[in-house]
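The primary structure of each chain is shown beneath.
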Amino acid sequence: MSEFRIHHDVNELLSLLHVRGGEGAEGYIDLLQKHRTPYVTTTVSSHSAKVKIAEFSKTPEDFLRKYDEVKSKNVRSLDPLVYVLSKLSEDKETLQCLQQNAKERSESSANTTSTTTTSYTLPTTTTKMSMQELDELRKKLGNVAASSNVPQSAEVTRKMLRDRHNKKNPTQPNPVYPNWVYDRPALIGDFITTSTSVADPIVAIGTMPLTAQEQALVEDLLFVLVGVDGRDVTAQPVLGRQNRSFIVDPTLDMSIKELVNRILPVASYYSTITRFTEEKSSFEYGLVNHALTAAMRTLMKEYLILVNQLEHLHRQGMLSLQKLWFYIQPTMRTMEILASIASSVDKGDCMGGSVLSLLHDRTFNYTGDSQAQELCLYLTKAASVPYFEILEKWIYRGIIKDPYSEFMVEEHELQKENIQEDYNDKYWDQRYTVVQHRIPSYLQKMADKILSTGKYLNVVRECGRDVTCPDAKEVLYTLKERAYVEQIEKAYNYASKVLLDFLMEEMELVSRLRSIKHYFLMDKGDFFVHFMDLTEEELKKPVDDIVPPRLEALLELALRMSTANTDPFKDDLKIDLMPHDVITQLLRVLAIETKQEKSIINADTTEAALSGLEAFSFDYIVKWPLSLIISRKALTRYQMLFRHIFYCKHVERLLCNVWITNKDAKQYSLHSAKWFAGAFALRQRMLNFVQNIQYYMMFEVMEPTWHIMENNLKSASNIDDVLCHHTSFLDNCLKDCMLTNPELLKIFQRLMSICFSFTNCMQRFTQSMRLDRLSLEHVMKEGRSQAGCSEDTEKKKITTKLQVDHVDALKSDPGFEAAISKFDSNFSALLLDLLDKLSIYSTNDCEHSMINIIYRLDFNGFYTERLERMAIERSQKAAA
């Protein structure tokens, strides 16, 4: 059972029991996962559990009757449920809690009912009801109650199944029997019950001699055994799925009546089997039921031959009632088993795999009774033939041909093209799914491999390749499950190898992944230097002002001018301008299939217009079947990683540009330039932070994780392993790069914003200095032209003096100095907050890779003292 299913079931149970407070569902889920075992309920354990509950129950007969009723409907989870209930009956504390809970719920429901219902009083009558009228009323009420319990007619059921089939397969309508098959009940072979009363016999059979009574009853029984009413033994109408009962003339001699009552169950079995075979032989009930009814009819032929031989003996006057009982006994057990199976299949509305499960369980339950087991084995083999034909096509060719929805694998109409468009597309998981109640119990352990085998072959078939397993053999039912395991294993290994070789060799999956790594994970450094140099001005514009074809042309130029030109798949790289920043994209992705999904997706975008740098991302064209691995979900994860690193690269370039432009300060005297020290130190701390974060992400997260994935792909044995390794690679990268933690990501983005704002401030200051310098040079040039010529040294002195005066004026400006101080304090506070949060996550959540960021940024212990102080304060708050 998956973690999500456990979570759902625990929440449902807590809501039913009205449990509030405590640790909630999470605490119980952890306990369940820690203590769960691969124990499977066996026949012995379920029987002992049933006996234990019956002993504990106040009404054991009602419990056993209900158990048999549910068991006859082939409910698979019945035995595990009974086992759990038996364990609960032993735990007095739990029982007391459940009883108290039930009492509280009944009281609350009673209070609710009393407040919402209106009391009515019966009107008083002046006349009394006679006993005859009371009996008639009781009969009418009984008939109404009985008719309300009657299940829907076979005709309605057939129509419903036929409509469902025609809706699923509009081009292949169901074969339908002609109407006269159903309109002429005499063809069915079962008792024809009419509402007309049969006239009383002229002479009561009880007045005849014993010999005459016996001969008359033998003739009646021979009729009744083949579904025709006799004179003194008549069949009762059947209500719903009840067994057939008979009325015997009450005047009959008791000794003869006793023998007749012993033989009549065979006639009841015959009626049950006949009704079952007539109804379930329709194609609406599926091929498995059709094959089962055909096998039952084959067995019924022997029974009818026996009755025919007995009739021949009776005509010769050689058949007494005792002989009839003697001859009918050997077939009585066979008829009982057939009727029991027919009744169970009918009550459980079984089709396809559930029929085979019931037959398989019956076959095993009859261990020790060789005759009964052989009979059930024959029926199971016959019924499993059409199911195994569907299975063979699926595991040997990847084709599913299941017109009546009986096979364990169900096909859904999904377009494989959506896998490249929809982030939440689940083509691989939902195109073919396993339907649990259609899995035969003897194939339960192999269900996942059966599903995967057909899926692998189906992918290759959809690429235009016709594949057939070379080890294909006919699958036959046997009690030795090892035979199925070997055949399915061979088919699975072949399908895995075919698809894996196709993807790895012909479709060059690993080369494609390397190509994606070059661009999305910035593996090609020279390409990005060229690209960022070419697109820097264009990406500074608002996203609405950017011309995508121009960006595409610049991308093409950068690809041709760098080492990326050797990549054979470079033409699949495209430009994508996203509508949201990386944090919003992350929150939208994390909200998929949650309660917050609608509110986040439908939220108004009130944020400021994005710049090209904030919206820029790459996209990649991936065709089928590579889109199974490199799906839209995988590409979205690559895009988030790329946007994260790309923005860091951009901020690093800005800080480096500030470092270059700040070289002008070297020409000033120490007295004038000393106030630059604070801004220079802050710029160096920012640059150190950005570069170390980049180094951590690229060389301590992505590169090692990539090598692990590459090695795992070499040892992968099937496409599911490839999917798992690739998804694990992306998940680990996202997690270790702080992209799955909105709290850390928001702090990081605020740090980047401060760095960005600081670079803008310094660039404005530098630009102001350059403009002043140009204006001073212009003034000096004009003065020299007016005064004649002047010495260069004198010019430099005057220019420098004027610039120094300008710098000193800026220094004296409290706004600029305060801005630098504010940048410093904000950056330091956020950086400490980030390091503190990283320390918490690396300790509590065992995210040991994140602690490497702390080691890199705090390599000399500069932040250690303050981090320790924050940790002490946090622990004191927690203790308080």
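Residues numbered from 1 in each chain as written. Predicted model: local features only at pLDDT ≥ 70, side-chain atom pairs only at ≥ 80, totals over all residues. Heavy atoms only, no water.

Novice: Which parts of the structure should I look at to understand the overall build of the protein?
Specialist: The helix and strand inventory of the protein stands at 33 helices and 6 strands. Counting across all 880 residues of the protein, residues that qualify as buried make up 41%. Sequence-distant contacts in the protein: of pairs separated by 6 or more residues, those separated by 24 or more amount to 75%. For the protein, the exposed surface amounts to about 48,900 Å²; the carbon and sulfur share of it is 55%. (Helix = DSSP H or I, 4+ residues; strand = E, 2+ residues; numbered from the N terminus. Buried < 20%, exposed > 50% of the residue type's maximum accessible area, 1.4 Å probe, protein only. Contact = heavy atoms within 4.5 Å. Areas by Shrake-Rupley, 256 points an atom, 1.4 Å probe, with all protein chains shown as cover.)

Novice: Explanation requested: the environment of D526 in the structure shown.
Specialist: By the secondary structure assignment, D526 is in helix α20 (residues 525–539). D526 sits in the partly exposed class, given a relative accessible area of 29%. Leaving out residues up to four positions away in the same chain, D526 has contacts with S562 and T563. Side-chain polar atoms of D526 contact the backbone nitrogen of T563, separated by 2.9 Å. (Polar contact = N/O pair within 3.5 Å; in protein donor to acceptor, adjacent residues only side chain to side chain.)

Novice: Would you take a moment to explain the pattern of salt bridges for this structure?
Specialist: Side chains that carry opposite charge are capable of pairing whenever their charged atoms lie near each other. By the definition in use, this model includes 32 salt bridges. For E556, the salt bridge identified is with R560, shortest N-O distance 2.4 Å. Residue E556 and its partner R560 are located together in helix α21 (residues 548–561), separated by 4 residues, close to a single helical turn. Classification of E556 as partly exposed rests on a relative accessible area of 33%. (Salt bridge = Lys/Arg side-chain N within 4 Å of Asp/Glu carboxyl O.)

Novice: What's the story with helix α12 (residues 287–315) in this structure? I'm lost.
Specialist: It helps to recall that an α-helix has 3.6 residues per turn; residues three or four apart then point in one direction. Compared with an ideal rise of 1.5 Å per residue, which puts 29 residues at 42 Å, α12 spans 41 Å between its outermost C-alpha atoms and is within 8% of the ideal. Where α12 ends, the next residue or the one after it, G317, has phi of about 75°, a positive value. (Expected span 1.5 Å × (residues − 1).)

Novice: I tried to follow the nonpolar core on my own but got confused; where do I start?
Specialist: Note that soluble globular proteins tend to have their nonpolar side chains buried in a common cluster. In this structure, F520, F527, F618 and F689 are the most contacted members of the largest nonpolar core, which totals 111 residues. Element by element, the count of residues in this core is highest for helix α27 (residues 676–715), at 15 residues. (Core = buried A, V, L, I, M, F, W, Y, C linked by side-chain atoms within 4.5 Å.)

Novice: How should I be thinking about the packing of aromatic side chains in this particular structure?
Specialist: Working definition: an aromatic ring pair is given by the centre-to-centre distance plus the angle between the planes. By the definition in use, this model includes 32 aromatic pairs. Relative to F618, the ring of F520 lies with its centre 6.3 Å away and its plane at 80°, an arrangement referred to as edge-to-face. With F520 in helix α19 (residues 509–520) and F618 in strand β6 (residues 616–620), this residue pair connects regions lying 98 residues apart in the sequence. Both residues of the pair, F520 and F618, count as buried. For the pair F520 and F642, a centre-to-centre distance of 6.3 Å together with 75° between the ring planes defines the contact as edge-to-face. Of this pair, F520 sits in helix α19 while F642 sits in helix α25 (residues 632–661), and the two are 122 residues apart along the sequence. F642 sits in the buried class, given a relative accessible area of 0%. Cluster of aromatic residues (ring-pair linked, three or more members): Y519, F520, F527, F528, F531, F616, F618, Y638, F642 and F646. (Phe/Tyr/Trp six-rings, centres within 6.5 Å; stacked < 30°, edge-to-face > 60°.)

Novice: What exactly am I supposed to notice about the packing of α20 against α25 here?
Specialist: Two quantities define a packed helix pair, namely the angle between the axes and the distance from one axis to the other. The contact between α20 and α25 brings their axes to 12 Å, and the two run at 80°. Relative to α25, the element α20 lies roughly perpendicular. Counted together, F528, M532, D533, E536 and L539 of α20 and F642, F646, K649, H650, R653 and N657 of α25 form the full contact between these two elements. (Axes fitted to C-alpha atoms, helices over the stretch in contact; angles between N-to-C directions. Parallel < 35°, antiparallel > 145°, perpendicular 65-115°, else oblique.)

Novice: Explanation requested: unusual backbone geometry in the structure shown.
Specialist: Peptide bonds are mostly trans, and most non-glycine residues show a negative phi. The residue after W624, namely P625, is reached through a cis peptide bond having omega 5°. The residue P625 is located in the loop between β6 and α25 in this model. The phi dihedral of S405 falls on the positive side, at around 55°, and the residue is not glycine. With respect to the helices and strands, the residue S405 is situated in the loop between α15 (370–397) and β3 (409–411). Under the relative-accessibility criterion, S405 is labelled buried at 16%. Positive phi is not limited to glycine here, since M738 has a value of about 70°. Relative to the helices and strands, M738 resides in the loop between α28 (719–736) and α29 (742–787). A relative accessible area of 1% means that M738 is categorised as buried.

Novice: Whenever I open this one, the confidence of the model for the protein confuses me. Can you help?
Specialist: When pLDDT drops low, the exact placement of atoms in the prediction is not to be read closely. Summarising the model, the protein shows a mean pLDDT of 77, and 73% of its residues fall at 70 or more. Scored below 50 in pLDDT, residues 116–127 makes 0 contacts in the model with residues more than four places away or belonging to other chains. With pLDDT under 50 throughout, residues 144–151 is counted as low confidence; its partners more than four residues away or in other chains account for 3 contacts. (pLDDT = per-residue confidence, 0-100.)

Novice: Help me understand the environment of G454, please; the structure alone is not making it clear to me.
Specialist: Considering the arrangement of structural elements, one finds G454 in helix α17 (residues 447–462). Judged by its relative accessible area of 0%, G454 falls in the buried class. Along the chain, G454 and I395 lie 59 residues apart, while their C-alpha atoms are 4.9 Å from each other. Beyond its immediate sequence surroundings of up to four residues, G454 is in contact with W394 and G398.

Novice: Whenever I open this one, α19 confuses me. Can you help?
Specialist: Over its 12 residues, α19 runs 16 Å from end to end, which matches the ideal 16 Å to within 8%, given 1.5 Å per residue. The buried fraction of α19 is high, at 9 of 12 residues. When we look at burial in α19, the residues that qualify are L509, R512, L513, S515, I516, K517, H518, Y519 and F520. Directly after α19, the chain includes M522, whose backbone phi takes a positive value near 55°.

Novice: I keep staring at the packing of α12 against α15 and nothing clicks. Help me out?
Specialist: One way to put it is that α12 packs onto α15 with a least axis distance of 8 Å and a crossing angle of 145°. As α12 runs across α15, the sense of the crossing is right-handed. Within the contact between the two elements, α12 uses L287, V288, A291, L292, A295, M296, T298 and L299 and α15 uses L375, Y378, L379, A382, A383, P386 and Y387. Looking at side-chain class alone, the contact of α12 with α15 contains 14 nonpolar, 1 polar and no charged residues. (Left-handed = near helix turned anticlockwise from the far one by under 90°. Nonpolar A, V, L, I, M, F, W, Y, C, P; charged D, E, K, R; others polar.)

Novice: Where do I start with the pairing of β6 in this structure?
Specialist: For a regular strand, side-chain orientation follows a simple rule: the groups alternate between the two sheet faces. With 5 of its 5 residues buried, β6 lies for the most part within the structure. In β6, alternate side chains face the same way, and those of F616, F618 and Y620 on one face and S617 and D619 on the other are all buried.

Novice: What is the right way to read the environment of W394 from this model?
Specialist: With respect to the element layout, W394 can be found in helix α15. Here the alpha-carbon distance between W394 and L451, two residues 57 residues apart in the chain, equals 8.5 Å. Discounting residues that sit within four places of it in the chain, W394 has contacts with I399, I400, F407, V409, Y432, I450, L451, G454, K455 and L457.

Novice: Just to check I follow, could you spell out the state of the cysteines for this structure?
Specialist: Each disulfide consists of one covalent bond between the sulfur atoms belonging to two cysteines. Counted under the stated rule, the structure contains 0 disulfides. C733 carries a free sulfur, and the closest cysteine sulfur to it, the one in C737, is 6.0 Å from it. Its relative accessible area of 0% is what places C733 among the buried residues. (Disulfide = S-S within 2.5 Å.)

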